[in-house]
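The chain contents come next:
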Amino acid sequence: MKSEELLKDLNPDQIKGVIETEGPVLVLAGAGSGKTRLLTYKLAYLVKVLGIPAYSIFATTFTNKAAGEMKARAERLVGGALKGMWIGTFHSLCGRILRIEAEALGLTPEFTIYDEDDSLRLVKQIMRELKLDNFKVSPRGVASYISSLKEKLITPEEFSAIAMKGFESEIVPVYKEYQAALQRSNAVDFDDMIMYVVYLFRQNEEIHHRWASRFQYILVDEFQDTNRAQYELVKLLSAVHRNVTVVGDDDQSIYGWRGAEIRNILNFPNDFQGTKIVKLEQNYRSTRRILEVANAIVKNNSMRHEKRLWCNSEDGSLPTLNIYQNEYEEGSGIVKIISRLINDNGVSPNNIAILYRTNAQSRIFEEELRRANIPYQVVGGISFYQRSEIKDMLAYLKLIVNPKDNLSFARIVNLPPRGVGKSSIQKLEKESASRGIPIFTLCREGQLDFLPHLAQSGIKNFVSLIEELKGKKDDVYVLLKELVEKTGYIKMLEEEAEPESEERIENIYELLSSAYAFSESHPEDRSVEGYLAEVSLLTSVDQWDPDSGRVSLMTVHSAKGLEFEYVFVAGLEHGLFPLAKAEFDNELLEEERRLFYVATTRCKRGLWYSYALTRRMHGNENFCKASQFLEEIPKELLNVEGGSCDFALQYERDADFPISVNSRVLHPFFGFGRVLEIRGRGKNAIVTVLFEKFGIKKLALAFTELEIV
């Protein structure tokens, strides 16, 4: 195939990004500029025009769904299957490497992948054993901290050497035992999947050279969201051929809170000498007026590569700012507009999204949509695969393929009830630890005289069931169907007769449908191992259905990478969006601004912003100040309803009143802070102040000493 024929539908900048194949390439792809299109065509160009074998390409993105779509599009372009190409998420591709190199890390290829819930359960168990039940940091906080250490490639031994006294020193034994417990269970968590590969490449030159030689071309999507471990992996994999193309947008780097480092994309040209830079600035999604607002927002950030979005589409209507009295009026007001769009304009509900900063904001919108009989879906809530009955079934599958998985054993040995209570499970854990063998191995040996007879009988039947099902693990649908029948799990739910029992039963049948679909779409590998590898790495966005005929409700983080005809961005108040803690942290404030930019650029044609003058949070009613991000939008680019675009006029004050909004003040007890809001006049005023150490406080000036500094 000639390159002219393949690339005829791309613009000049996209073509440049495709044909620059040798050496390091940084593609700065603005929102809606066709970055996925560029990557897809680059895959096809490498294979069809340059004749590069598909198996020598390593292409990674951040969701399984995006990876699947990219591969399918590339296969349509080349007119056939891209057999052998490594395309998927960082975690899924590293998982494949780990299964091949498992023995070098003391694992077997059947290792189990622990999700966040599994990791948290293990941390809780370890903290109980170490008598840290009353530790000042919650198990969830400890699990999160361990995760952040792994993202920075810090091992338990390295952390032990650098940990500070107090909080960090208490985490050292938890981290050490957590990692040891994973090893004993032949298990890895999400962070291990990348950290172990990096560790292996660093420690074993022969293995590193083999993999780095194998992949001639490395393609990375969403590069702005990479963390330190992922960045190091890219460096190591590209060490031999140096043909690495990274595509991303520093203006959409919004995952700093989970380890993403914007410096990866900012510093890429310095770390990879000879980098060619391509900018995609033509937007194919939004109207000109939406792009003008987006550009006005993000130009206030200093940590960015310079670029400006533009389009050839229509001007479109001005984004609207609605100001409501409280969050309930905001909810009903937005749903009334949505109702008009659907009923009067014929807009399909799936073309509409409500975006917000925190999950807690969804409740009011859900209530109003239900009241208006408008179908909706909440993205980012409890994932299907996180529901207890689904995790129970998956635990059975995990134990069948990996008998060393103590966590899965403890979860399902008494589900349905077999007379194996908590006390018996704890005795089993203690005995297996003292003998240095997995719990399942201990049970299979049958020397369980230290347990009650009922528990021994139940365990014997459980072991027999698992051993019987092991022979059918080559076909996940066949095995799961038999598992559901033979465990009596559905019968247990029927006998419970709880209000949610019927829904839980339906969920199990839906899991069977999922296993059937997997078997049909993976005829070359229908195994339980393959199925678990896929479902273990699904995200909430992977399960979002764009054709559901429902309005989408989600946080802005969940909306990343999606687009809608009509978008409502709610709760644009200081302290909520941006979050209060960004007030004194410029890097965090810039990330919050990028998040607002992402929200704005999800929209194709109709954009509404809103905020409430009062909002109840944490049990208290708060007077709210408009987000400073709204103040950064030129007045002529907004259509304001329900108030004034001159936000400073919302706050009453006397001409000679010395304190104003944004004044920096000093309180004798609370210390330094900044004034967010003033209600009333003179000494009768109520002042809302965000203090550096004590957060937001409401103060009556008549009884407060505030010094302007």
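Residues numbered from 1 in each chain as written. Predicted model: local features only at pLDDT ≥ 70, side-chain atom pairs only at ≥ 80, totals over all residues. Heavy atoms only, no water.

(A) Representation of the domain arrangement of the chain. Split by domain assignment, the chain resolves into domain 1 (3-101 + 194-282), domain 2 (113-185), domain 3 (298-383 + 545-647), domain 4 (385-403 + 411-537) and domain 5 (663-708). Its C-alpha centre places domain 3 at a distance of 29 Å from the equivalent point of domain 5. Domain 3 puts 10 residues into the contact, and the matching count from domain 5 is 10 residues. Regarding the contact of domain 3 and domain 5, the summed buried area is about 900 Å², with carbon and sulfur atoms giving 66% of it. By the criterion of area lost to domain 5, the three top residues of domain 3 are Glu583, Phe584 and Phe623, representing 59% of everything that side buries. Our enumeration of links across domain 3 and domain 5 arrives at zero salt bridges. At the surface where domain 3 touches domain 5, the tally comes to zero residue pairs in polar contact (both at pLDDT 80 or more). The dominant element in the side of domain 3 that touches domain 5, judged by the number of residues it contributes, is strand 15 (residues 620-623), at three residues. The class makeup of the residues in the side of domain 3 that touches domain 5 is five nonpolar, two polar and three charged. (Domains from an automatic or database assignment. Contact = heavy atoms within 4.5 Å. Buried area = accessible area lost by both parts, 1.4 Å probe. Salt bridge = Lys/Arg side-chain N within 4 Å of Asp/Glu carboxyl O. Polar contact = N/O pair within 3.5 Å; in protein donor to acceptor, adjacent residues only side chain to side chain. Helix = DSSP H or I, 4+ residues; strand = E, 2+ residues; numbered from the N terminus. Nonpolar A, V, L, I, M, F, W, Y, C, P; charged D, E, K, R; others polar.)

(B) Layout of the sheet that holds strand 8 (residues 276-280). A sheet is described by the order of its strands in space; here six strands give the open sequence 3-2-6-7-1-8, paired in parallel fashion. Only two strands of the sheet have a single partner each, and these edge strands are strand 3 (86-89) and strand 8. Neighbour-to-neighbour, the strand axes of the sheet open up by a mean angle of 15°, direction not taken into account. Of the pairings in the sheet, the one linking strand 2 (residues 57-61) to strand 3 comprises four bridges and is parallel in character. Looking across to strand 3, one finds that Phe58 is bridged to Trp86. Running over the sheet, helix 3 (residues 35-49) touches strand 1 (25-29), strand 2, strand 3, strand 6 (217-220), strand 7 (244-248) and strand 8 and is turned about 165° from strand 6. (Pairing = 2+ DSSP bridges. Axes fitted to C-alpha atoms, helices over the stretch in contact; angles between N-to-C directions.)

(C) Highlighting the packing of helix 6 (residues 116-129) against helix 7 (residues 139-151). Where helix 6 contacts helix 7, the two axes come as close as 9 Å, and the packing angle between them is 115°. Judged on the interaxial angle alone, helix 7 and helix 6 are roughly perpendicular. As helix 6 runs across helix 7, the sense of the crossing is right-handed. Contact with helix 6, carried on its side by Leu120, Val123, Lys124 and Met127, involves Pro139, Arg140, Val142 and Ala143 of helix 7 and no other residues of that element. For the contact of helix 6 with helix 7, the per-class residue count stands at six nonpolar, no polar and two charged. (Parallel < 35°, antiparallel > 145°, perpendicular 65-115°, else oblique. Left-handed = near helix turned anticlockwise from the far one by under 90°.)

(D) The arrangement of helix 2 (residues 12-19) in detail. Those residues of helix 2 lying buried are Gln14, Gly17 and Val18. Each buried residue of helix 2 sits inside an arc of 100° when the element is viewed along its axis, so together they form one side. On the buried face of helix 2, the contacting elements are helix 3 and strand 8. At the N-terminal end of helix 2, a side-chain oxygen is found 3.1 Å from the backbone nitrogen of Asp13, two or three residues along, and the residue is Asn11. (Buried < 20%, exposed > 50% of the residue type's maximum accessible area, 1.4 Å probe, protein only. Arc of directions from axis to C-beta.)

(E) Molecular detail of the environment of Glu583. Along the chain, the position of Glu583 falls in the loop between strand 13 (564-569) and helix 28 (586-600). Assessed through its relative accessible area of 18%, Glu583 is described here as buried. For Glu583, the residues in contact, after removing those within four places along its chain, are His574, Arg674 and Leu690.

(F) The side chain of Asp392, seen in detail. Position of Asp392 relative to the elements: it lies in helix 18 (residues 388-401). Classification of Asp392 by relative accessible area gives buried; the value is 4%. In terms of polar contacts, Asp392 uses its side chain to reach the side chain of Tyr489, at 2.5 Å. Sequence-distant contacts of Asp392, defined by excluding residues within four places in its chain, comprise Arg411, Ile412, Leu415 and Tyr489.

(G) Inspection of the sheet that holds strand 19 (residues 686-691) at higher detail. In spatial order, the strands read 20-19-18-17-21; together these five strands make up an open sheet with antiparallel pairing. Because the sheet does not close on itself, it has two edges, and the strands there are strand 20 (695-700) and strand 21 (707-708).

(H) Examining the pattern of salt bridges more closely. Across all of its chains, the model carries 45 salt bridges by this definition. For Asp118, the salt bridge identified is with Lys398, shortest N-O distance 3.0 Å. Residue Asp118 is located in helix 6, and its partner Lys398 is located in helix 18; the two are separated by 280 residues in the primary sequence. When sorted by exposure, Asp118 lands in the same class as Lys398, which is buried.

(I) Focus on the packing of aromatic side chains. Within this structure, the stated rule accounts for 24 aromatic pairs. On the numbers, 5.4 Å between centres and 65° between planes, the contact of Trp86 with Phe215 is edge-to-face. Of the two residues, Trp86 is situated in strand 3 and Phe215 in the loop between helix 11 (205-214) and strand 6; the sequence distance between them amounts to 129 residues. Considered together, Trp86 and Phe215 belong to a single accessibility category, that of buried residues. Measuring from centroid to centroid gives 6.3 Å for Phe577 and Phe629, while their planes differ by 90°, and the two rings are edge-to-face. With Phe577 in the loop between strand 13 and helix 28 and Phe629 in helix 29 (residues 628-631), this residue pair connects regions lying 52 residues apart in the sequence. Exposure class is identical for Phe577 and Phe629. Each is buried. Among the aromatic residues, those joined into a ring-pair cluster are Phe58, Trp86, Trp211 and Phe215. Note that Arg96 overlies the ring of Trp86, its terminal NZ or CZ placed 3.8 Å from the centroid. One residue, Arg258, lies across the ring of Tyr255, its end atom 3.9 Å from the ring centre. (Phe/Tyr/Trp six-rings, centres within 6.5 Å; stacked < 30°, edge-to-face > 60°. Lys NZ or Arg CZ within 6 Å of the ring centre and 35° of its normal.)

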